[in-house]
Amino acid sequence: EALVKSLVGAQRAEIVRFLVEHGERVRHWPDLHAKVVVGDSRALVGSANLTAMGLGRRQEMAVAFEDCGEVEQLRG
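Residues numbered from 1 in each chain as written. Predicted model: local features only at pLDDT ≥ 70, side-chain atom pairs only at ≥ 80, totals over all residues. Heavy atoms only, no water.

Participant: Summarise the layout of surface pockets; cite the residues concerned and give the values.
Facilitator: Left-over empty space is what a probe sized like a water molecule reveals as it rolls over the atoms. For the largest pocket, the calculated volume is near 1500 Å³. What lines the largest pocket is a set of 34 residues, and nearest its centre among them are Val-26, Arg-27, Val-36, Val-37 and Leu-50. Going through the elements one at a time, helix H1 (2-6), helix H2 (9-22), strand S1 (35-38), strand S2 (43-46) and helix H4 (68-75) are the ones with two or more residues in the lining of the largest pocket. The residue inventory of the lining of the largest pocket, partitioned by class, reads 21 nonpolar, 8 polar and 5 charged. (1 Å grid on protein atoms, 1.4 Å probe; cavity = no way out; pocket = protein on both sides within 12 Å on 5 of 7 lines; lining within 4 Å. Points joined across faces, edges and corners; volume = space filled by probe spheres on them. Helix = DSSP H or I, 4+ residues; strand = E, 2+ residues; numbered from the N terminus. Nonpolar A, V, L, I, M, F, W, Y, C, P; charged D, E, K, R; others polar.)

So, in structure tokens, the structure goes:
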């Protein structure tokens with residue numbers, strides 16, 4: 001919700017379309033502050049909120065994973 005509310009126009013439409021298409025793969029754990037994004041061959045784990053402020057205007061920390069075994073562990 002926070003990400004969608006922080007965007008406008010085409011950006012908002014794009015994220016809503018993504019969520020509709022991939023909603024079964026999006027999870028929310030209320031007590032977990034870390035954000036985890038897992039793709040087919042890469043993953044990102046970090047503290048930034050997935051909002052315009054969190055991704056673009058605050059200093060946050062994240063770790064990128066490209067090792068196939070590590071990505072599979074995160075996916076699990």
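This is not the end of the story, as more comes after the structure.
Participant: Summarise the pattern of salt bridges; cite the residues concerned and give the values.
Facilitator: Two side chains carrying opposite charge are able to pair once their charged atoms lie near each other. With the rule as written, the count across this model stands at 1 salt bridge. Residue Glu-72 is joined to Arg-75 by a salt bridge in which the shortest nitrogen-to-oxygen separation is 2.3 Å. With Glu-72 and Arg-75 both in helix H4 and 3 residues apart, this pair spans about one turn of that helix. Given a relative accessible area of 46%, Glu-72 falls into the partly exposed group. For Arg-75, a relative accessible area of 37% corresponds to the partly exposed category. (Salt bridge = Lys/Arg side-chain N within 4 Å of Asp/Glu carboxyl O. Buried < 20%, exposed > 50% of the residue type's maximum accessible area, 1.4 Å probe, protein only.)

Participant: How would you explain the environment of Met-53 if you had to name every residue and give the values?
Facilitator: Following the sequence through the fold, Met-53 ends up in helix H3 (residues 52-56). Classification of Met-53 as partly exposed rests on a relative accessible area of 35%. Along the sequence, Met-53 and Ser-6 sit 47 residues apart, while their C-alpha atoms lie 7.9 Å from each other.

Participant: So what's going on with the environment of Leu-50? Residues and values would help.
Facilitator: You can see Leu-50 is positioned in the loop between S2 and H3. Ignoring anything within four residues of it in the chain, the contact list for Leu-50 reads Leu-3, Lys-35 and Leu-55. (Contact = heavy atoms within 4.5 Å.)

Participant: Run through the pairing of S1, naming residues and quoting values.
Facilitator: Alignment of S1 against S2, held across 4 bridges, turns out to be antiparallel. Bridged to Val-36 within S2 is Val-45. Between S1 and the antiparallel strand that follows it, S2, lie 4 residues. (Pairing = 2+ DSSP bridges.)

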